[in-house]
Amino acid sequence: FLTEKYHLRAHELANDSYSKKCEIYLDLVEKKCPSINTFGHAIYSYCSNNNKKVALASATLFQNIKKIIEVSNLNLSFCCIKTGDMYVGENKPNPKMLLDIVEELGIPKEKVLVIEDSLIGFETAKNANLSYINVNTDFDSYNTKKYQD
């Protein structure tokens, strides 16, 4: 229907919808920064205070990540950041983003721990054969159990 009415191709509709979603998301972030998961932040603090390499992999756009870090007023620093706009067509749950980080950091896969707060992230870590933990307490036990070995 939309394709016929507005003479747009499907990929144009998808790109336009995603752009609008990102615009709304950034507006919400500016108005009220999303809460930073306390457990996840504690793990981040432990790693950075103990000279562990900390990277960030997110399915969202780099501009969104930059804004969240800025608005959160937390001193977050990552040795590597990979975002969805860097992996068009290969975004999560495709493991490429995580595997590229592992390779870039030069860390053996068995020494990597993925700290995740989303179901798609759990699936991505599993697809990359990496260990991961759930730091999102909002998931019910059924959804979390689905991704446990």
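Nothing here was measured: the structure is a model prediction, and the numbers come from that model.

Novice: Quick question: what am I supposed to make of the packing of aromatic side chains here?
Specialist: How two aromatic rings sit relative to each other is set out by the distance from centre to centre and by the angle between their planes. Tallied over the entire structure, the rule returns 2 aromatic pairs. Ring plane angle 20° and centroid distance 5.5 Å describe the contact between Phe 122 and Tyr 132, whose orientation is recorded as stacked. Here Phe 122 is found in helix H6 (residues 119–127), whereas its partner Tyr 132 is found in strand S4 (residues 131–134), with 10 residues between them in sequence.

Novice: What is the right way to look at the state of the cysteines in this model?
Specialist: Here, disulfide denotes a covalent bond that connects the sulfur atoms of two cysteines. Applying the stated rule across the entire model yields 0 disulfides. Looking at Cys 79, it has no disulfide partner, and the nearest cysteine sulfur is the one in Cys 80, 6.3 Å off. What makes Cys 79 partly exposed here is its relative accessible area of 44%.

Novice: Just checking my understanding: could you explain the pairing of strand S3 (residues 113–116) for this structure?
Specialist: Walk down a regular strand and you will see the side chains alternate between the two sheet faces. A one-sided burial pattern is seen for S3, the buried positions being Val 114 and Glu 116 and the unburied ones Leu 113 and Ile 115. With 4 bridges connecting them, S3 and S4 associate as parallel partners. Counted as the bridge partner of Glu 116 is Asn 134 from S4. Once the chain exits S3 it traverses H6 before rejoining the sheet at S4, and the crossover so formed is right-handed.

Novice: Where do I start with the pattern of salt bridges in this structure?
Specialist: Proximity of charged atoms lets side chains of opposite charge pair with each other. Applying the stated criterion to the full structure yields 3 salt bridges. The partner of Glu 116 in a salt bridge is Lys 92, with the nearest N and O atoms 3.2 Å apart. Residue Glu 116 is located in strand S3, and its partner Lys 92 is located in the loop between strand S2 (80–83) and helix H5 (96–105); the two are separated by 24 residues in the primary sequence. According to the relative accessible area criterion, Glu 116 is buried, its value standing at 6%. As a salt-bridge pair, Asp 100 and Lys 96 come within 3.2 Å of each other at their nearest N and O atoms. One end of the pair, Asp 100, and the other, Lys 96, are both in helix H5, 4 residues apart, so they sit about a helical turn from each other.

Novice: Quick question: what am I supposed to make of the nonpolar core here?
Specialist: Buried together is how nonpolar side chains tend to be arranged in soluble globular proteins. Leu 98, Val 114 and Leu 130 are the most contacted members of the largest nonpolar core, which totals 15 residues. Where this core is concerned, the elements lending two or more residues are H5 and H6. Top contributing element to this core by residue count: H5, with 5 residues. Discounting residues that sit within four places of it in the chain, Leu 98 has contacts with Ala 57, Val 114, Thr 124, Ala 125, Ala 128 and Leu 130. Counting 5 residues, the second-largest nonpolar core is a separate cluster that includes Ile 43, Tyr 44, Cys 47 and Val 135.

Procedures and definitions
- Sequence order as written defines the numbering, with residues in each chain counted from 1.
- Since the coordinates come from a predicted model, pLDDT governs what is reported: local features require at least 70, and pairs of side-chain atoms require 80 or more to be given and counted, while whole-chain, interface and lining totals use all residues.
- Values reported for side chains reflect all heavy atoms of the structure, with hydrogen atoms and water molecules removed beforehand.
- Ring pairs shown here join Phe, Tyr and Trp side chains whose ring centres sit within 6.5 Å, with only the six-membered ring taken for Trp; geometry is labelled stacked below 30 degrees between planes, edge-to-face above 60, and tilted in between.
- Here a strand is any run of E in DSSP of at least two residues, a helix any run of H or I of at least four, and the numbering for each starts at the N terminus.
- Cysteine sulfur atoms are paired as a disulfide whenever they fall within 2.5 Å.
- A 1.4 Å probe rolled over the protein chains alone gives each residue an accessible area, and that area as a share of the maximum for its type sets the label: buried under 20%, exposed over 50%, partly exposed in between.
- Any two strands between which DSSP finds at least two bridges are classified as paired.
- Seen with its strands pointing away from the viewer, a crossover is right-handed if its path from the first strand over the helix to the second goes clockwise.
- Here a salt bridge means any side-chain nitrogen of Lys or Arg lying within 4 Å of a carboxyl oxygen belonging to Asp or Glu.
- Here, nonpolar core means buried Ala, Val, Leu, Ile, Met, Phe, Trp, Tyr and Cys residues that are tied together by side-chain atoms lying within 4.5 Å of each other.
- Throughout, a residue-residue contact means that at least one pair of heavy atoms, one from each residue, lies within 4.5 Å.

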